[in-house]
Structure formats: C-alpha cells, structure tokens
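# Inside the fold
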Amino acid sequence: MADLSTSLGRLRLPNPVLTASGCAAAGKELSQFFDLAEIGGVVTKSIMLRARSGRATPRMAETPSGMLNSIGLQGPGIDSFLAHDLPWLKKTGARAVVSIAGGHTDEYVALAKRLFNHPVDLIEVNISCPNVESRGQVFACDPIAAGRVISAVRRAAHPNVPVFAKLSPDVTDIGVIARAVTDAGADGISLINTLLGLEIDLDTLQPALAGVTGGLSGPAVRPVALRCVWQVHQSVPHLPLLGMGGILTGQDALRFLLAGASAVSVGTAVFHDPSAPVRILRELDAELDARGFRSVADAIGFAHKSPEQRAALLGRPSETVPA
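Residues numbered from 1 in each chain as written. Predicted model: local features only at pLDDT ≥ 70, side-chain atom pairs only at ≥ 80, totals over all residues. Heavy atoms only, no water.

### Description of the packing of aromatic side chains
- For the structure shown, the criterion picks out two aromatic pairs.
- Seen from their ring centres, Tyr 108 and Phe 139 are 5.7 Å apart, and the 80 degrees between their planes marks the pair as edge-to-face. Of this pair, Tyr 108 sits in helix H3 (residues 105-115) while Phe 139 sits in the loop between strand E8 (122-126) and helix H4 (143-156); the two residues are 31 residues apart in sequence, bridging distant segments of the chain.
- In this structure Phe 139 comes out as buried when scored by relative accessible area, which is 12%. (Phe/Tyr/Trp six-rings, centres within 6.5 Å; stacked < 30°, edge-to-face > 60°. Helix = DSSP H or I, 4+ residues; strand = E, 2+ residues; numbered from the N terminus. Buried < 20%, exposed > 50% of the residue type's maximum accessible area, 1.4 Å probe, protein only.)

Okay, structure coming up:
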C-alpha cells in the first residue's frame, strides 16, 4: 500500500483528499455519510465578516457535465461560525481549512485576526469568487491586488497556520497571478475556483440565473483545472498546490497529483454522491498501487519529470517508462 500522507505547507495530512469550499458548509451535511476525520480535511464555505443573504433566486442551474451556481457567498458571518460551526467541526477530529472572503483587503485582515486564536489548520483566501455582484472585486484577476490581499492576510494570520490563495481560471496567464501571490507570502495555492458562465432558459427565454452569470463547476471544468495546476506547478514548482475542479474518481485525483497538486478538493461530486470524498480516496489508493507508486509524494508532479526521473521513482529501468 502506498503512503497516502502529504503536506500543505506546515500542515501534514494523513491523505490528500479534502472537501471543496461551498459544497457542504462546515461539513455537517456530509458527516452523516462518513467520518470527516477519515479524509485529509474539510474546507469550509467562504466566511465573511457579517451575515450575508446571497443573491436572488433562482441561483443554481444544471449544465452539460456540470452546474452553474450564483449563491453569492451566503452565510452567517464570522461570529456565528466561531461560536457554532468551527467548534463542532473540530470535535469531529477533522482538520479545518477555513475559507475567508471579503470585499476589500481590510475585511480579509479582520477575518484573519479573528481566526488567530482559534483551532484553524489552514486558511484558504478566496480572492476569486465569480458569483458576487461586483466583478471588480475579483482580486485574483489582478496580480497587484491579489498580492496585496495575500500579503496582508499572511501578516495578520497566526504564523503557524498556512495561508493558501485561491485563484481564478478567468485570467490570461495564471502563472503571473501565481508568482504574485507567492512573492506576497502565500504558503500554497488552491486552484481552481469556478469559471464564469451563463445559461439561457428556453422556457422563459432569458438567463436561467437571477444574477445572470454564475460559477461553472463539475466534470466540464476538469481539463481547465488540470491545465491550471500544470501551469502553476511549472511557475512555482516549490509551492504546494491544492487542486480541484470536476474530480469524480480516483483516476481524476491521480491526474491532479501527476500535474503537480499535493492534494485535491472534491466539490460538485458530493451533490449526487455525498460519500464521494472517501470513495475517491479508496480509488486513489488503488490507482497509486496499480501504477507502482510507493507514496503520494512520489506522484506529485510526476508528469513533469524526465523519463530517467520517472523510472527512478518507480524503481524500473528507464526503457520501461513512457517518454
């Protein structure tokens, strides 16, 4: 059996499968289907300073091999999260990855400070949500703005808690953004957030979502997500990446590791299979074993390596490993 342990910065995980932000709040919905401590970690829905009602309905629409959501970061705010959700999550034994979001840098800093003395294992800084009212607030589309937010959060957060920047694929060169947040002090990068999309309802003859556009997720985005992970790993090969986007199977998860991710988040899959994270973890274990990988670490970025390096990692003659 392969060693499934992996690291996201300072955070050591027993395995590389986590949930994805926004698909199961703080994990209570999934806890009736599997033990949350069994997977690498639970990534919470993005938390904001104040309670937020989100966008008008309808705010979800099915698309070919995916879905659009225009929830708009609905949530109870940081006070309720710290009083109820985080204590509950930690009691399960799960590792808590807290996603934070804000409208300007000061809000992100305030959130990081509020989390400082609480049992948080990692902070995922959502600077890339495409379904808020103002597209001008998508910090991840501007390397200067993205770097400014990450630098401020890194200074405000507990020094032992890794800070990951969550990036958007809706940019010309994601490597530029990745280098900007790395230079700003990010301990790692989460990618990708959903893609901005739109659907037309042929019964009403108008956009299916009340907010017109929304975030596209599901299997349809997996090739885009995989491309982003590949490019960011090439841009900042020393930085751990948390990959996500359309992961339905252990084979999907393995592809992300091979492209350069140190761990993966499973999101949209839980809507039709709430136990998907543990199923994917079992399948990934089998896929690693079937291909001769002794550990997750050996698989990370494997597709970038030379034939000689790949042969050495698998303990085979180089001529038996495809070039």
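Right, picking up where we left off after that structure.
### Re the side chain of Arg 59
- Counting through the fold element by element, Arg 59 comes out in the loop between strand E4 (42-43) and strand E5 (60-63).
- Within the structure, the side chain of Arg 59 is placed 3.0 Å from the backbone oxygen of Arg 55, a separation counted as a polar contact.
- Among the polar contacts listed, one links the side chain of Arg 59 to the backbone oxygen of Ile 71, at a separation of 3.4 Å.
- Excluding residues within four positions of it along the chain, Arg 59 makes contact with Ser 53, Gly 54, Leu 68, Asn 69, Ser 70, Ile 71, Gln 74 and Leu 209. (Polar contact = N/O pair within 3.5 Å; in protein donor to acceptor, adjacent residues only side chain to side chain. Contact = heavy atoms within 4.5 Å.)

### Details of unusual backbone geometry
- A cis amide bond links Thr 57 with the next residue in sequence, Pro 58, at an omega value of -5 degrees.
- Position of Pro 58 relative to the elements: it lies in the loop between E4 and E5.
- In this chain, Leu 191 is followed by Ile 192 through a cis amide linkage whose omega measures 15 degrees.
- Even without a glycine there, the phi angle at Ser 65 is positive, about 60 degrees.
- Topologically, Ser 65 is positioned in the loop between E5 and strand E6 (66-69).

### Focus on the nonpolar core
- Core analysis: the largest hydrophobic core is formed by 85 residues, its most contacted members being Val 125, Ile 127, Leu 167 and Ile 189.
- Tallying contributions element by element places H4 first for this core, with seven residues.
- Residue contacts for Leu 167: discarding those within four places in its chain leaves Ile 127, Ser 128, Ala 140, Ile 174, Ile 177, Ala 178, Val 181, Ile 189, Ser 190, Leu 191, Ile 192 and Asn 193.
- Leu 8, Leu 11, Leu 122 and Leu 242 belong to the second-largest nonpolar core, a separate cluster that totals 11 residues. (Core = buried A, V, L, I, M, F, W, Y, C linked by side-chain atoms within 4.5 Å.)

### Details of the pairing of strand E7 (residues 96-100)
- In terms of burial, E7 is a largely internal element, five of the five residues being buried.
- What you see with E7 is no split at all: Ala 96, Val 98 and Ile 100 on one side and Val 97 and Ser 99 on the other are buried throughout.
- Note: E4 against E7, two bridges, orientation parallel. Each bridged residue has a counterpart across the sheet, and for Val 42 the counterpart in E7 is Ala 96.
- By the bridge criterion, four bridges tie E7 to E8 in an arrangement that is parallel. Residue pairing in the sheet places Val 97 in a bridge with Leu 122 of E8. (Pairing = 2+ DSSP bridges.)

Purely spatial values, then, with no claim about function.
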